[in-house]
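As a plain string of letters, each chain reads:
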Amino acid sequence: MLNEMRFGKLSQSSIDKFYALKRELKYSEIEPTELFPMRHDVDRANQNRLRSLAGESRLFRAEDSEPDPSKQGQWFKNVMAPDVLELKIGAQVMLIKNLDHSLVNGTVGHVIGFGVPELAVEEDEERDGVGRERWTLDARDEPVRVKNESTMSVQEARKRQKIAEGVASGRIEQGPVVAWQTPNGIEKKVMVREEFKHEDNNGQKISSRKQYPIILAWAMSIHKSQGQTIQRVKVDLGKVFEKGQSYVALSRATSLEGLQVLRFDPKKVLAHEKVIQWSRSLEVLS
């Protein structure tokens, strides 16, 4: 199906399958990420959902570095990490950087609190007889991992106390705590800022941005979704306007089971001329 779409030639069988994907999908927790061709539609959709959540927003401003003033601006407009990240507890977010084998680019989850990694120490308590629950809630109902104070050294306890005082005074930033939906179940993690680098052909850093490697994930632009693999995707093809957009949007889904397609129109499945020419050249060679 996708290979046919890539070249702008759909069989009747593929057309019928795409029409069938308009059915509504219901999920208990993680909602599908809706892909839009225009960025302003993405911003509006995400902001509407964020405002619907109770509680106050927290703003996280990026830390930017631009050694070369002549190149300032353009890279920062294209980098996935936002200039300002606005979050609330309950916000659906997506990981935009590989962290380990289970937390990879495209993983989706929910913000469940705010904290610092230094105060999130593992504890060994049974969780519903299934595994080890390493999390609890502090006095402000924020999720943290805890450790039995009796097992701490005096030095460790003092260090934690200083960090706690820094958090209370606002000197130490509390990052988002996210419950990620992974193939192995829910994985909760206190996020830290990561560096996103722009390098030249020689590997020299031109620009960089330090920001939490997450974005709001109720909606996303088709352009920014390139390179992502998303388990649950919703696409309204009635809004696409450029050649190749339909292919890019639909190919983000990891399976047909997690893909919903609205307003599918075979006439809007247009391929780039270069792709068509490349296909024809292969036919000649064969």
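Rules behind the numbers
Residues numbered from 1 in each chain as written. Predicted model: local features only at pLDDT ≥ 70, side-chain atom pairs only at ≥ 80, totals over all residues. Heavy atoms only, no water. Helix = DSSP H or I, 4+ residues; strand = E, 2+ residues; numbered from the N terminus. Buried < 20%, exposed > 50% of the residue type's maximum accessible area, 1.4 Å probe, protein only. Contact = heavy atoms within 4.5 Å. Core = buried A, V, L, I, M, F, W, Y, C linked by side-chain atoms within 4.5 Å. Pairing = 2+ DSSP bridges. Axes fitted to C-alpha atoms, helices over the stretch in contact; angles between N-to-C directions. Expected span 1.5 Å × (residues − 1). Arc of directions from axis to C-beta. Phe/Tyr/Trp six-rings, centres within 6.5 Å; stacked < 30°, edge-to-face > 60°. Lys NZ or Arg CZ within 6 Å of the ring centre and 35° of its normal.

Under an unreviewed UniProt entry, the name given to the chain is Mitochondrial dna helicase, and the organism recorded is Rhodotorula toruloides.

Trainee: How would you summarise the overall build of the chain if you had to cite specific residues and measurements?
Mentor: In terms of regular secondary structure, the chain is built from eight helices and 18 strands. Every one of the 286 residues in the chain was classed for burial, and the buried ones make up 40%. Of the contacts made within the chain by residues no fewer than 6 positions apart, 70% connect residues no fewer than 24 positions apart.

Trainee: I'd like to hear about the environment of Ile 214, residue by residue, with values.
Mentor: As for its position among the elements, Ile 214 is in strand β15 (residues 214-216). Through-space distance from the C-alpha of Ile 214 to that of Gln 92 is 9.8 Å; in sequence the pair is 122 residues apart. Beyond its immediate sequence surroundings of up to four residues, Ile 214 is in contact with Pro 82, Leu 85, Leu 87, Val 93, Met 94, Leu 95, Ile 96, Pro 176, Trp 180 and Met 191.

Trainee: Account for the nonpolar core, with residues named and values stated.
Mentor: Counting residues in hydrophobic clusters, the biggest one holds 31 residues, and the most contacted among them are Val 235, Leu 250, Leu 259 and Phe 264. Contributions of two or more residues to this core are made by α2 (12-20), α4 (74-78), β17 (233-236), α7 (245-250) and β18 (259-262). For this core, the element with the most residues is α7, which contributes three residues. Apart from the residues lying within four places of it in its own chain, the contact partners of Phe 264 are Met 5, Leu 10, Ile 15, Phe 18, Tyr 19, Leu 237 and Val 269. In this structure, Leu 87, Val 93, Val 111 and Leu 216 belong to the second largest nonpolar core, which totals 17 residues.

Trainee: Talk me through the sheet that holds strand β13 (residues 194-199); I want residue IDs and the actual numbers.
Mentor: Ordered in space as β3-β14-β13, the three strands form an open sheet in which the pairing is antiparallel. One side of each edge strand has no neighbouring strand; the edge strands of this open sheet are β3 (63-65) and β13. Ignoring strand direction, the axes of neighbouring strands in this sheet form an average angle of 10°. Bridge analysis of β3 against strand β14 (residues 205-211) gives three bridges, and the strand direction is antiparallel. Each residue of the ladder has a partner; that of Asp 64, found in β14, is Arg 209.

Trainee: Give me the sheet that holds β15: which residues, what numbers.
Mentor: Ordered by their spatial adjacency, five strands build an open sheet running β12-β11-β6-β5-β15, and the pairing between neighbours is antiparallel. A strand with exactly one partner marks an edge of an open sheet, and here the two such strands are β12 (185-190) and β15. On average, adjacent strands in this sheet sit at an angle of 40° to one another, irrespective of strand direction. Across six bridges, strand β6 (residues 108-115) lies against strand β11 (residues 175-182) in antiparallel orientation. Pairing of His 110 across the sheet is with Ala 179, part of β11.

Trainee: Residue-level account of helix α3 (residues 39-51), with values.
Mentor: Helix length check: α3 (13 residues) gives 18 Å between terminal C-alpha atoms against 18 Å at 1.5 Å per residue, within 8%. Those residues of α3 that fall on the buried side of the exposure criterion are Asp 41, Val 42, Asn 46 and Leu 50. The arc that holds the buried residues of α3, viewed along the axis, is 160°, so those residues lie on one side. Buried-residue contacts for α3 involve β1 (33-36), β4 (84-87), β15 and β16 (219-221).

Trainee: Tell me about the packing of aromatic side chains, and please be specific about residues and values.
Mentor: The geometry of an aromatic ring pair is captured by the separation of the ring centres together with the interplanar angle, meaning the angle of the planes. In the structure shown here, the tally under the stated rule is five aromatic pairs. When the centroid spacing of 5.0 Å and the interplanar angle of 20° are considered together, the rings of Phe 18 and Phe 264 count as stacked. On the criterion of sequence distance, the pair formed by Phe 18 in helix α2 and Phe 264 in the loop between β18 and α8 (273-285) is long-range, its members being 246 residues apart. Exposure remark for Phe 18: the relative accessible area of 2% places this residue in the buried category. Arranged with centres 5.1 Å apart and planes meeting at 70°, the rings of Trp 75 and Phe 76 form a pair that is edge-to-face. Under the relative-accessibility criterion, Trp 75 is labelled buried at 14%. Owing to a relative accessible area of 14%, Phe 76 belongs among the buried residues under this scheme. Through pairs of rings, three or more aromatic residues link up here, namely Phe 18, Tyr 19 and Phe 264. Sitting above the plane of the Phe 196 ring, Lys 97 keeps its charged end 5.0 Å from the centroid.

Trainee: Mind laying out the pairing of β17, listing which residues take part and the relevant values?
Mentor: Across three bridges, the pairing between β1 and β17 is parallel. From the neighbouring strand, Leu 35 faces β17, where its bridge partner is Val 235.

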